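# Architecture at a glance
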Amino acid sequence: MTTTPHAGAAPSWRRVLAQTDFEARAILRNGEQLLVTIIVPVLVLIGLTQVDVLDIDTDGMSAIDFFTPGVLALAVMTSSFTSQAIASAFDRRNGVLRLLSTTPLGRGGLLVGKIAGVLVVGTVQVLVIGLTAVLLGWRPDAVGVLLAIVAMLLGAAAFTSLALLVAGTLRAEAVLAVANLALLLLALAGGVIVPADRLPGPLEHLALLLPSGALGEAMRQALQHGTLPAWSVVVLVGWTAALGWGAARLFRWH
């Protein structure tokens, strides 16, 4: 059913802005979400660069230059997929999504607010992780940083689409398990932290077809070599289109 905003309602952009602020604050004020989105990636970065936990050839680069792109890719996944899927699933279970969709904000405004909230949280993540990396000796190329921003936006679009698909079709408790398990598997064997060409057997080729591998490869190429691989862009856009279509068709508001 389509609803018409009340004559006294705030302009649509202001409603979306308010929802964006709410979504971002909800994540950043939640201790568990803050742990997953910011603290864990920072600890992973410090662990990988300051402790010899993985015996990986860094192609002559320092550990901070080699691992930072992957950790930034992991951060995009935590904010746009794991946190968003869990938050949206429990909002759906508790009736929050159904209630908000009937307000002047509308379903479209609610979804835009959620996506914008992800981008705000992602910006905070990148600033915190990037500053930590700089303090540890990371000196990225300016052109590479601009290309990495493009890669992160593409990755955020793909993983937010996946989050909405999962949150809108599964029970909240199932989403909690699926989102955390998927993040763990993709981080370890999805070409995010460890480049796809360092994975064993068929995982090397499979990872490059996954949104995680495409994002990880795009971030590494951008920040290490100043290029944005066309294949990674194609994979991320393709996953965004497919997952977005699925979310639009299958998402249940209650």
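Each chain carries its own residue numbering, running from 1 in the direction its sequence is written. The predicted nature of this model means local features are confined to residues of pLDDT at least 70 and side-chain atom pairs, given and counted, to a pLDDT of 80 or more, with totals for whole chains, interfaces and linings taken over all residues. The side-chain quantities take in all heavy atoms of the structure and omit both hydrogens and water.

## Some thoughts on the nonpolar core
With 62 residues, the main nonpolar core has Met77, Phe81, Ile129, Phe159, Ile193, Leu215 and Met219 as its most contacted residues. Working definition: helices are DSSP H or I runs of at least four residues, strands are E runs of at least two. Numbering for both runs from the N terminus. For this core, the elements supplying multiple residues, two or more each, are α2 (31–50), α3 (63–93), α4 (96–101), α5 (106–135), α6 (142–167), α7 (172–189), α9 (211–225) and α10 (230–250). The dominant element in this core, judged by the number of residues it contributes, is α3, at 14 residues. For this analysis, residues touch if any pair of their heavy atoms sits within 4.5 Å. Aside from chain neighbours lying at most four places away, what touches Phe81 is Val76, Phe159, Leu162, Ala163, Val166, Ala179 and Ala182. The nonpolar core is taken to be a set of buried Ala, Val, Leu, Ile, Met, Phe, Trp, Tyr and Cys residues, with the residues joined through side-chain atoms within 4.5 Å. Here's how the labels work: a residue is buried when its accessible area is under 20% of the maximum for its type, exposed when over 50%, partly exposed in between, all with a 1.4 Å probe on protein chains only.

## Topic: the confidence of the model for the chain
Of all residues in the chain, 96% have pLDDT values of 70 or greater, and the mean over the chain is 89. α4 is the least confidently modelled element of the chain, averaging 81 in pLDDT, while α9 averages 96, the highest of any element. Confidence of the predictor in every single residue is expressed as pLDDT, which spans 0 to 100.

## Side note on the packing of aromatic side chains
Pairing of aromatic rings covers Phe, Tyr and the six-membered ring of Trp, with a centre-to-centre limit of 6.5 Å; geometry is then stacked below 30 degrees between planes, edge-to-face above 60, and tilted otherwise. Under the defined criterion, the tally for this structure stands at 3 aromatic pairs. Taking the centre distance of 5.1 Å and the plane angle of 65° together, the rings of Phe251 and Trp253 count as edge-to-face. Accessibility assignment for this pair places Phe251 and Trp253 in one class, buried.

## Side note on the layout of surface pockets
Throughout, the protein atoms alone are placed on a 1 Å grid, and a set of points is a cavity if a 1.4 Å probe fits but cannot get out or a pocket if it is open with protein on both sides within 12 Å along at least five of seven lines; lining residues have an atom within 4 Å of a point. Grid points are joined across faces, edges and corners, and a volume is the space filled by probe spheres set on the points. Approximately 440 Å³ is the volume attributed to the largest pocket. Around the largest pocket sit 23 residues that line it, and Gly122, Thr123, Val126, Ile149 and Met152 are the ones nearest its centre. For the lining of the largest pocket, the secondary structure elements donating two or more residues are α3, α5 and α6. Looking at the lining of the largest pocket, the element that brings in the most residues is α5, giving 9 residues. Under the convention adopted here, Pro, Cys and the residues Ala, Val, Leu, Ile, Met, Phe, Trp and Tyr are nonpolar, Asp, Glu, Lys and Arg are charged, and Gly plus all remaining residues are polar. For the lining of the largest pocket, a count of residues per class yields 17 nonpolar, 6 polar and no charged. Reported here for the second largest pocket is a volume of approximately 350 Å³. Around the second largest pocket sit 17 residues that line it, and Ala26, Asn30, Gln33, Ile86 and Ala87 are the ones nearest its centre. The biggest single contributor to the lining of the second largest pocket is α3, with 6 residues. When its residues are assigned to classes, the lining of the second largest pocket shows 9 nonpolar, 5 polar and 3 charged.

## Remarks on a nonpolar patch on the surface
On the surface, Leu35, Ile39, Val40, Leu43, Ile46 and Leu136 cluster together into a nonpolar patch covering about 450 Å² of accessible area. As for its position among the elements, Leu136 is in the loop between α5 and α6. Its relative accessible area of 31% is what places Leu136 among the partly exposed residues. Patch building starts from residues that exceed 30% relative accessible area and form no salt bridge, then joins like charges within 9 Å and nonpolar side chains (Val, Leu, Ile, Met, Phe, Trp, Tyr) within 5 Å. Using a 1.4 Å probe, the Shrake-Rupley method yields the accessible areas, and only the shown protein chains count as cover for residues. Throughout this description, the term salt bridge denotes a Lys or Arg side-chain nitrogen within 4 Å of a carboxyl oxygen of Asp or Glu.

## Here we look at α10
Turn by turn, an α-helix covers 3.6 residues, leaving residues three or four places apart pointing in a common direction. The first and last C-alpha atoms of α10 sit 30 Å apart over 21 residues, in line with the 30 Å expected at 1.5 Å per residue. What α10 keeps buried is the set Ser232, Val235, Leu236, Leu243, Gly246 and Ala247. Down the axis of α10, the sector holding all buried residues measures 105°, keeping them to one side. Opposite the packed face of α10, turned more than 90 degrees from it, sit the exposed residues Ala230, Val234, Trp245, Ala248 and Arg249. To estimate how far a helix should extend, the number of its residues minus one is multiplied by 1.5 Å. Arc, as used here, means the arc of the directions from the helix axis to the C-beta atoms.

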